[in-house]
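Residue-level structure breakdown
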Amino acid sequence: MSKVEEFEELRPLLFSIAYRILGSVGEAEDAVQETWLRFDGSSTRPTSTKAFLSATVTRISIDVLRSARVRREAYTGPWFPEPLLSDPYQDPARSLELADSVSMAALLLLERLSPLERAVFVLREVFGFGFDEIAGAVGRSEAACRQLVVRARRHMEAGRPRFAADRQERQELATRFFDALKDGDVGGLRDLLAADVQLVGDGGGKAPQLAGAVVGAQKVARLLAAVFPRLARLEVSFEPHEINGQPGAIYRDRDGRVLQTLVLDVLDGQIQTIRTVLNPDKLGHMGPVADAWAITDELKRTPAEDPRRP
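The sections below set out a description of the structure shown in this document.

Considerations on the overall build of the protein
- Secondary structure summary: the protein contains 12 helices and six strands in total.
- Against the globule reference of 19 Å for 310 residues, the protein gives a C-alpha radius of gyration of 21 Å, in line with a compact fold.
- With 310 residues in all, the protein has 50% of them scored as buried.
- Taking the contacts inside the protein whose residues are at least 6 apart along the sequence as the reference set, 68% of them involve residues at least 24 apart.
- When the accessible surface of the protein is summed, it comes to about 14,600 Å², and 49% of that surface belongs to carbon and sulfur atoms.
- Here the protein carries 41 positive and 45 negative side-chain charges, and the mean point of each set is 5 Å from the other.

Below, the structure is given as structure tokens:
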């Protein structure tokens, strides 16, 4: 195989590693491209191309994450990962780990880890790399990498929910949610929400966003039922779509431009968290982006209809 063929065969894996470390589609793509440049510029062929490229993209991602964390500390409002519509890397033997590790909830948990802990955890727990390979990738001893994994696993387990939903249950709940949302059905929405459900938005100061998290089933249901039917009257449409391995939707304006994404965190038979991403910088990889400010201004001039009550 030529260098190009070898690299393209491994590109899905490299992107998936970088995305889980960085939480950004654009930064992950840049890390993969930089990995290619280093591979292409090398005068020698590595014994294992997979090991070489995985180590290279990991080191690049660690460096990028260290600088990105400074920006995230100054971020306006809640920070969420960039929405990922599909994970290009598929491995039936690790399908559960791959699906879980790309969820919004898991990526936000990973934010608690240091860049080195995050990289080691991703390589070991998600992709099943051996400690000898991980040590070579991050420049630490195998013993040190084992300790990093133990610490990272402890942090991750402490934040994980106790109950998980199966794929069919999540999808059925999401279908009912979007039906109720479309109808502005306060009671129907409230029945699907956990008592302490949170609605949180990421606008990054570049799009309209909530002043803070909206908490509680009644408050969240009434807000959703008041806003989304009015958006439909402005010809804003939504298409259900799996996002970061979770049920969600992409909202588009009347010209088909991406307005926002919405993702449902479903656990124990209820919707626990609703996360929306409106920051245009995080939506551009999905196509042309709508002007959320203009739509908000138009929305303010659109009279509200009485939401359906139970």
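Observations regarding the pattern of salt bridges
- Under the definition given, this model contains 21 salt bridges.
- A salt bridge links Glu125 to Arg153; its shortest N-O distance comes to 2.8 Å. Of the two residues, Glu125 sits in helix H6 (residues 115–126) while Arg153 sits in helix H8 (residues 142–159), which places them 28 residues apart along the sequence.
- The class for Glu125 is partly exposed, based on a relative accessible area of 24%.
- The partly exposed category is assigned to Arg153, whose relative accessible area is 34%.
- One salt bridge in this structure joins Asp255 and Arg257, with 3.4 Å as the shortest N-O distance.

Quick notes on the nonpolar core
- Membership of the largest hydrophobic core comes to 49 residues, with the highest contact counts inside it found for Ile17, Tyr19 and Phe127.
- Per-element accounting of this core gives the leading share, 10 residues, to helix H1 (residues 3–22).
- Setting aside residues up to four positions removed in sequence, Phe127 forms contacts with Leu13, Ser16, Ile17, Arg20, Tyr89, Arg94, Leu98 and Val122.
- The next biggest cluster of nonpolar side chains, apart from the first, holds 36 residues, and it includes Phe178, Ala180, Ala207 and Leu259.

A few points about the pairing of strand S1 (residues 193–202)
- The element S1 is extensively covered by neighbouring structure, given that seven of its 10 residues are classed as buried.
- In terms of strand pairing, S1 meets strand S2 (residues 214–215) through two bridges, oriented antiparallel. The residue of S2 that forms the bridge with Gln198 is Val215.

Some words on helix H3 (residues 49–73)
- With 25 residues, H3 extends 36 Å between its outermost C-alpha atoms, agreeing within 8% with the 36 Å of an ideal straight helix rising 1.5 Å per residue.
- Maximal helix bending in H3 amounts to about 25 degrees, located at Ser67.

Description of the packing of aromatic side chains
- The tally for this structure, following the rule as stated, stands at nine aromatic pairs.
- The interplanar angle of 55 degrees and the centroid separation of 5.2 Å between the aromatic rings of Phe228 and Tyr251 together place this pair among those described as tilted. Of this pair, Phe228 sits in helix H11 (residues 217–233) while Tyr251 sits in strand S4 (residues 246–252); the two residues are 23 residues apart in sequence, bridging distant segments of the chain. Summarising the burial analysis for this pair, Phe228 and Tyr251 share the class buried.
- Among the aromatic residues, those joined into a ring-pair cluster are Phe177, Phe178, Phe228, Phe238 and Tyr251.
- The ring of Phe129 has Lys50 lying over it, and the distance from NZ or CZ to the ring centre is 5.6 Å.

Digging into the side chain of Arg275
- Structurally, the position occupied by Arg275 is in strand S6 (residues 270–277).
- Judged by relative accessible area, Arg275 falls into the buried class, the value being 11%.
- With sequence-adjacent residues up to four places away left out, Arg275 is seen in contact with Phe80, Met104, Ala105, Leu108, Val200, Thr261, Leu262, Val263 and Asp265.

Quick look at the sheet that holds strand S3 (residues 237–243)
- Overall, mixed pairing links the six strands, which are arranged S2-S1-S6-S5-S4-S3 in an open sheet. One side of each edge strand has no neighbouring strand; the edge strands of this open sheet are S2 and S3.
- Sheet topology note: the strand S5 (residues 258–267)/S6 ladder contains seven bridges and is antiparallel. Bridge pairing in S6 links Val263 to Arg275.

Quick look at the packing of H1 against H6
- Two numbers describe how H1 lies on H6: the axes approach to 9 Å, and their chain directions differ by 135 degrees. By the angle class used here, H1 and H6 are oblique. The handedness of the crossing between H1 and H6 comes out as right-handed. Residues Ile17, Arg20, Ile21 and Leu22 of H1 lie in contact with H6, whose contacting residues are Arg118, Ala119, Val122, Leu123 and Val126.
- A per-class count over the contact of H1 with H6 returns seven nonpolar, no polar and two charged.

Thresholds, definitions, all that
- Residues numbered from 1 in each chain as written.
- Predicted model: local features only at pLDDT ≥ 70, side-chain atom pairs only at ≥ 80, totals over all residues.
- Heavy atoms only, no water.
- Helix = DSSP H or I, 4+ residues; strand = E, 2+ residues; numbered from the N terminus.
- Rg over C-alpha atoms; globule rule 2.2 N^0.38 Å.
- Buried < 20%, exposed > 50% of the residue type's maximum accessible area, 1.4 Å probe, protein only.
- Contact = heavy atoms within 4.5 Å.
- Areas by Shrake-Rupley, 256 points an atom, 1.4 Å probe, with all protein chains shown as cover.
- Lys, Arg positive; Asp, Glu negative; His and termini not counted.
- Charge placed at Lys NZ, Arg CZ, Asp CG, Glu CD.
- Salt bridge = Lys/Arg side-chain N within 4 Å of Asp/Glu carboxyl O.
- Core = buried A, V, L, I, M, F, W, Y, C linked by side-chain atoms within 4.5 Å.
- Pairing = 2+ DSSP bridges.
- Expected span 1.5 Å × (residues − 1).
- Bend = angle between axes of the 7 residues up to and from the residue.
- Phe/Tyr/Trp six-rings, centres within 6.5 Å; stacked < 30°, edge-to-face > 60°.
- Lys NZ or Arg CZ within 6 Å of the ring centre and 35° of its normal.
- Axes fitted to C-alpha atoms, helices over the stretch in contact; angles between N-to-C directions.
- Parallel < 35°, antiparallel > 145°, perpendicular 65-115°, else oblique.
- Left-handed = near helix turned anticlockwise from the far one by under 90°.
- Nonpolar A, V, L, I, M, F, W, Y, C, P; charged D, E, K, R; others polar.

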